[in-house]
Amino acid sequence: MTLPQRREIETDQRLRLLVGLVVVAAAVIMATSLPSAVRYGTTATSNDIALIVVLTATITLGNLVKARVRIRSTTHSISWTETAIVVGLAIVPAPVVVLCTAAGIALTPRRALPIKLAFSVGKNVLVAWGAGIALAMTGWTWPPEGTIALIAPLALAYLVAALVDDVLAIPVIALASGTRISRQFRSNLDLRLAGFAVRFIVAVCTLLILDANLKLLLAVPPLVLSLHLAYSTRIRTRTEQQAWQRLARTTDALNVVDLDKVLTTAVTQAAELFSADEVEIELHDGGRTVRGATGGITFDGPTDTPTEVDGTVVPTPLEGHDRSVDVGVLRLRFRGPVQLSEREQYTLRTFASALCTAVRNAQAYAELARVADEHAYAAAHDALTGLANRRHLLDQGTEQLSARHADGVTALVLIDLNHFKEVNDTLGHAAGDQVLVQVADRLRGVAQSSDLVARLGGDEFAVLLRGLPAPAVAAHRAETLLAALHEPFELDGMRISVEASGGISVAPASGGMPELLRRADVAMYQAKRAGQRISTYAPTRDTADLNRLTLGGDLPRAVADHEFIVNFQPIVDLGTGEVTSAEALARWHHPTHGLIDPLRFLEAVERSGMLPAFAEAILDQALIAAADWRDAGFDVPVAVNVSPRSLLDARFPGSVLARLRAHDLPPERLVLELTETLTLSQLDVVDRVLSRLRDEGVRLALDDFGTGYSSLSLLSRIPVHELKIDRSFVTTMESSAEAAAVIRSTLDLGRSLNLAVVAEGVESEPQRRALWELGCSAGQGHLFARPMPAGTLLAALQRGSGGQPGTLARPLHDTGAVIRLNQSRRQAGRSRPDRHLPA
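Scoring rules and cut-offs
- Residues numbered from 1 in each chain as written.
- Predicted model: local features only at pLDDT ≥ 70, side-chain atom pairs only at ≥ 80, totals over all residues.
- Heavy atoms only, no water.
- Helix = DSSP H or I, 4+ residues; strand = E, 2+ residues; numbered from the N terminus.
- Buried < 20%, exposed > 50% of the residue type's maximum accessible area, 1.4 Å probe, protein only.
- Contact = heavy atoms within 4.5 Å.
- Areas by Shrake-Rupley, 256 points an atom, 1.4 Å probe, with all protein chains shown as cover.
- Pairing = 2+ DSSP bridges.
- Axes fitted to C-alpha atoms, helices over the stretch in contact; angles between N-to-C directions.
- Phe/Tyr/Trp six-rings, centres within 6.5 Å; stacked < 30°, edge-to-face > 60°.
- Lys NZ or Arg CZ within 6 Å of the ring centre and 35° of its normal.
- Patch = residues over 30% accessible without salt bridge, like charges linked within 9 Å, V, L, I, M, F, W, Y side chains within 5 Å.
- Salt bridge = Lys/Arg side-chain N within 4 Å of Asp/Glu carboxyl O.
- Polar contact = N/O pair within 3.5 Å; in protein donor to acceptor, adjacent residues only side chain to side chain.
- Expected span 1.5 Å × (residues − 1).
- Parallel < 35°, antiparallel > 145°, perpendicular 65-115°, else oblique.
- Nonpolar A, V, L, I, M, F, W, Y, C, P; charged D, E, K, R; others polar.
- Left-handed = near helix turned anticlockwise from the far one by under 90°.
- Core = buried A, V, L, I, M, F, W, Y, C linked by side-chain atoms within 4.5 Å.

**Student:** Summarise the overall build of the protein chain; cite the residues concerned and give the values.
**Tutor:** Secondary structure assignment for the protein chain yields 28 helices and 23 strands. Here the protein chain holds 839 residues, and 49% of them are scored as buried. Restricting to contacts in the protein chain with at least 6 residues of sequence separation, those with at least 24 account for 69%. Just so you have it, the protein chain exposes about 40000 Å², and 57% of that area is on carbon and sulfur atoms.

**Student:** Outline the sheet that holds strand E5 (residues 296-302), listing residues and values.
**Tutor:** Ordered in space as E5-E4-E3-E7-E6, the five strands form an open sheet in which the pairing is antiparallel. The open sheet has two edge strands with one neighbour each: E5 and strand E6 (312-319). Taking the axes of each pair of neighbouring strands and ignoring which way they run, one obtains an average angle of 15° across the sheet. Sheet topology note: the strand E4 (residues 288-293)/E5 ladder contains six bridges and is antiparallel.

**Student:** Account for the environment of aspartate 252, with residues named and values stated.
**Tutor:** Residue position: aspartate 252 is located in helix H9 (residues 220-253). C-alpha separation for the pair aspartate 252 and alanine 354, spaced 102 residues apart in sequence, amounts to 9.3 Å.

**Student:** Any details on the packing of aromatic side chains? Residues and values, ideally.
**Tutor:** For the coordinates displayed, the defined rule picks out eight aromatic pairs. For the ring pair phenylalanine 274 and phenylalanine 351, a centre distance of 6.0 Å and an interplane angle of 75° mean the geometry is edge-to-face. Of the two residues, phenylalanine 274 is situated in the loop between helix H10 (259-273) and strand E3 (278-283) and phenylalanine 351 in helix H11 (residues 342-380); the sequence distance between them amounts to 77 residues. Residue classification places phenylalanine 274 among the buried residues on the basis of a relative accessible area of 1%. For the ring pair phenylalanine 564 and phenylalanine 614, a centre distance of 4.9 Å and an interplane angle of 80° mean the geometry is edge-to-face. You can see phenylalanine 564 sitting in strand E15 (residues 564-573) and its partner phenylalanine 614 sitting in helix H20 (residues 611-631), a full 50 residues away along the chain. For phenylalanine 564, a relative accessible area of 4% translates into the label buried. Site record: aromatic cluster; members linked through ring pairs are Phe564, Trp588, Phe601 and Phe614. Sitting over the ring of phenylalanine 489, arginine 442 keeps its end group 3.9 Å from the ring centre.

**Student:** So, a nonpolar patch on the surface: which residues are in play, and what are the values?
**Tutor:** On the surface, a nonpolar cluster with roughly 340 Å² of combined accessible area is contributed by Trp129, Ile133 and Met137. Mapped onto the fold, isoleucine 133 is located in helix H5 (residues 114-137).

**Student:** Go over the environment of glutamine 621, please, and point to the residues and values.
**Tutor:** The residue glutamine 621 is located in helix H20 in this model. In sequence terms glutamine 621 and asparagine 567 are 54 residues apart; their C-alpha atoms lie 9.5 Å from each other. Ignoring sequence-local partners within four residues, the contact set of glutamine 621 consists of Phe564, Ile565, Val566 and Phe568. At 2.7 Å, the side chain of glutamine 621 and the backbone oxygen of phenylalanine 564 are in polar contact.

**Student:** I'd like a rundown of the pairing of strand E7 (residues 326-334), residues and numbers included.
**Tutor:** The buried count for E7 comes to eight of nine residues, which makes it a mostly enclosed element. As paired strands, E3 and E7 are joined by six bridges and run antiparallel to one another. By the bridge assignment for E7, glutamate 280 is matched with arginine 331. Pairing between E6 and E7: eight bridges, direction antiparallel. Looking at the pairing, valine 314 lines up with leucine 332 of E7.

**Student:** Can you lay out unusual backbone geometry for me, pointing to particular residues and giving the numbers?
**Tutor:** Residues other than glycine seldom take positive phi values, yet aspartate 492 does so here, at roughly 50°. Its place among the elements puts aspartate 492 in the loop between strand E11 (489-491) and strand E12 (494-496).

**Student:** Summarise the pattern of salt bridges; cite the residues concerned and give the values.
**Tutor:** Within this structure, the stated rule accounts for 31 salt bridges. Here glutamate 278 and arginine 333 are joined by a salt bridge, their closest N and O atoms 3.4 Å apart. Note that glutamate 278 is positioned in strand E3 and arginine 333 in strand E7, a separation of 55 residues in sequence. Of the two residues, glutamate 278 and arginine 333, both sit in the buried class. With its nearest N and O atoms 3.2 Å apart, the salt bridge here joins arginine 651 to aspartate 649. Classification of arginine 651 as exposed rests on a relative accessible area of 64%. In this structure, a network of salt bridges that share partners links the residues Glu278, Glu280, Glu282, Arg291, Arg331 and Arg333.

**Student:** Quick rundown of helix H17 (residues 512-530)? Include the residues and the values.
**Tutor:** When the terminal C-alpha atoms of H17 are compared, their 27 Å separation across 19 residues agrees well with the 27 Å that a helix rising 1.5 Å per residue should span. Those residues of H17 that sit buried are Met513, Glu515, Leu516, Leu517, Arg518, Arg519, Ala520, Val522, Ala523, Met524, Gln526 and Ala527.

**Student:** Break down the packing of H10 against H11 for me, with residues and values.
**Tutor:** Running from N to C, H10 and H11 cross one another at 170°; their axes reach a closest spacing of 9 Å. On the basis of the axis angle, H10 is roughly antiparallel to H11. Taken together, the residues of H11 that come into contact with H10 (itself represented by Leu259, Val262, Leu263, Ala266, Ala270 and Leu273) are Thr347, Phe351, Leu355, Ala358, Val359, Ala362 and Gln363. Split by residue class, the contact of H10 with H11 holds eleven nonpolar, two polar and no charged.

**Student:** Go over the packing of H20 against helix H21 (residues 652-662), please, and point to the residues and values.
**Tutor:** Where H20 contacts H21, the two axes come as close as 10 Å, and the packing angle between them is 30°. Classified by the interaxial angle, the pair formed by H20 and H21 is roughly parallel. Here H20 and H21 pass one another in a crossing that is right-handed. Where H20 abuts H21, its residues Glu616, Leu619, Asp620 and Leu623 lie against Ser655, Val656, Arg659 and Leu660. Here the residues of the contact of H20 with H21 are counted per class, giving four nonpolar, one polar and three charged.

**Student:** Quick one: what's the story with the nonpolar core, residue by residue and with numbers?
**Tutor:** The nonpolar side chains of a soluble globular protein tend to be buried, and buried together. Of all hydrophobic cores here, the largest spans 82 residues; its most connected members are Phe564, Phe568, Trp629, Leu670, Leu672, Ile743 and Leu771. Considering every element that reaches this core, the biggest residue donor is H20, with nine residues. Beyond its immediate sequence surroundings of up to four residues, leucine 771 is in contact with Leu574, Val730, Met733, Ile743, Ala759, Val762 and Cys776. In terms of nonpolar packing, the next biggest core, distinct from the first, is built from 45 residues, Ala37, Val86, Leu126 and Val127 among them.

**Student:** Tell me about helix H25 (residues 737-752), residues and numbers included.
**Tutor:** Relative to the 22 Å expected for 16 residues at 1.5 Å per residue, H25 spans 22 Å between its end C-alpha atoms, a close match to the ideal helical length. All of the buried residues in H25 are Ala739, Ala740, Val742, Ile743, Ser745, Thr746, Leu747, Leu749, Gly750 and Arg751. Following H25 by one or two positions, asparagine 754 adopts a phi angle in the positive range, close to 60°.

**Student:** Could you give an account of the sheet that holds strand E14 (residues 534-536), naming the residues involved and the relevant values?
**Tutor:** Pairing is mixed across the open sheet formed by five strands, whose spatial order is E9-E10-E8-E13-E14. Each end of this open sheet is capped by a strand with a single partner; those strands are strand E9 (452-457) and E14. Averaged over all pairs of adjacent strands, the angle between their axes in this sheet comes to 20°, without regard to strand direction. Alignment of strand E8 (residues 409-417) against strand E13 (residues 500-506), held across seven bridges, turns out to be antiparallel. Across the sheet, residue valine 413 finds its bridge partner in E13, namely isoleucine 504.

**Student:** So what about the side chain of arginine 455? Which residues, and what values?
**Tutor:** Its place among the elements puts arginine 455 in strand E9. Residue classification places arginine 455 among the buried positions, given a relative accessible area of 12%. Separated by 3.1 Å, the side chains of arginine 455 and aspartate 382 make a polar contact. A polar side-chain atom of arginine 455 sits 3.0 Å from the main-chain carbonyl oxygen of glycine 458.

Written as structure tokens, this is what we have:
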């Protein structure tokens, strides 16, 4: 039994106990009143008997003329009964009035539950008894001596009657509705006080008329009827106003994106809004049913599970205003017969429509989150072995190194399988894949829970060791890892031995995770060259590290002497082969070391303080090239990669815009490519920089999309125009279902957000055609051109492909050819935004 069900049972028990106490007390009062009433009856005249009959009938009539308020399946009423009781007490002995009250309430023609009838009789008997005692304490006699002598005692008696009525009725209503007694007492307090005052005035007027002239009683029924109608209208208006206010609050509360919260809010709020004993929501998608009441959810499970609440069921479809979407059914359940008013029916339809919208939004968000989780997992794990991939290793390692002061020593073991190519060449790639899976399983089996095992690619694995008590422990752990690979592997009945070499590096003082990985790679090749199984990184034997220090010292001279050059790789329309833009790629033409890749010097640039000067030099060359292409008749935008540190500089937007003006290029001819290494904490600062650039017309692209964990978070914060699919997904799309799924999902996301999508690393015609058929409009890679100087690219544009200037590849289809498009291609054609084209 659930907690809400136990609470409901406890509430019913308390309700029955309270009603029982009232009935017992009323029975005692009636028993004690009976002897006095009998004595009065034996001496009563015919007029007295007629008066008793009229009093009983008046009480019955007062109980019939009432304003009704429904709470769950029970209708509670505000009647004129106490008015008839107080008038009767003024002219008839109290014991007689007590019995007349019981008879009048019991004889009221209506269909009511026995417990409700018993409570109504008991409550009104106690009201008559309390008011009679109050009136007797004032020394009341009929007829009174003057108006003041009538009003004061009558006011006291009526006050006691009203207090007894509220003290008995409000706790019962509060228990039945599941609200606090204090809240129920404050509910419509002004209307209740006004009603008491009106009925008291009617009682006084009635007694004054009885005292003056009985014929004037004919004016009392029309007056009572008019006052009752006005009071009932006021109650109905107030009830409707409160209902609409609750509906507005309820629909606001449904504006959440978590489906469980939407359903919980809908169940609890609907139970209160419509005063239902149980609310049920059945969703068509997934066959899920949720039930509950004001206390919370009592059931959440399959649709075919029966409910424990029997009675009236009011179903309403969960559909939009146009009735084109139906997500489920909302059912209100009541333990007794209930007929919703016209206003309640309209409120129910409005609530169901709002709930339909909330459920659809929550389901759409859940689907987006699921796709995002799949993207994140695919981007962070190797498809073959299920291990972490290089990107995940770098991210986790960076996070670990930032907290290493509290978590002990961090080390990395890099493992490479020796002569693995022979396995592939002899037994085939399928057998090689089986060996890699077994290697992954063994490494995962011997690694500790705090270790991260990753496959970096090919036959190369890495294990990140975290929280080591001392650096020397890394060598012992590395021996354990390599020993696990010593036993032969079982492969289709054959036993294959695979040797491995390992390199160990302990976290450096600077350089971060890339440097840790580089040092482990150096150590591993030191082990291979020395014929050892394991080697630990030794700085004295790392010539690459010494070269990097030398490069850092050469940076000021390189900027001053313009040693940094820019090559351009064109971005091509996959369908037509036309060049739509070009990406600027920086290189360092070092006088001693020759052409240096940016991976070797960018970190040194960022650490040296030369980043602004370096960025300006690269941007200048890119804009000069774009201006030259434009002057030659090829208005090709240029894309420039931006370091995250540049975006933290408030002067960066001004520098970019100044150079655009200097080269007479419109801002939309420049695309700034951002990386997913931006963290959400940095975005608070970056927002202002990017907003200014975007407002001026500069286009923004998110590079390497899908390889980081923050893709969707970045999209929600940075208003980019373009997504670039990382080359790792394009390279493996033909052999990896996961990579193809990431590409397809990215294209779907681009269409839904009206963003251009560019595929990086297009190496072959099959890749080009497959991407185009999936709906990708642009790509770059060696299929079209390798990075080249600006002049060389201009010559290629002028020469064209197949005699068509401005193109670098033949179109996929001849002009006039009839093409059958798949669904994604048709959707792409309808929603694809223009990419880098003049506005």
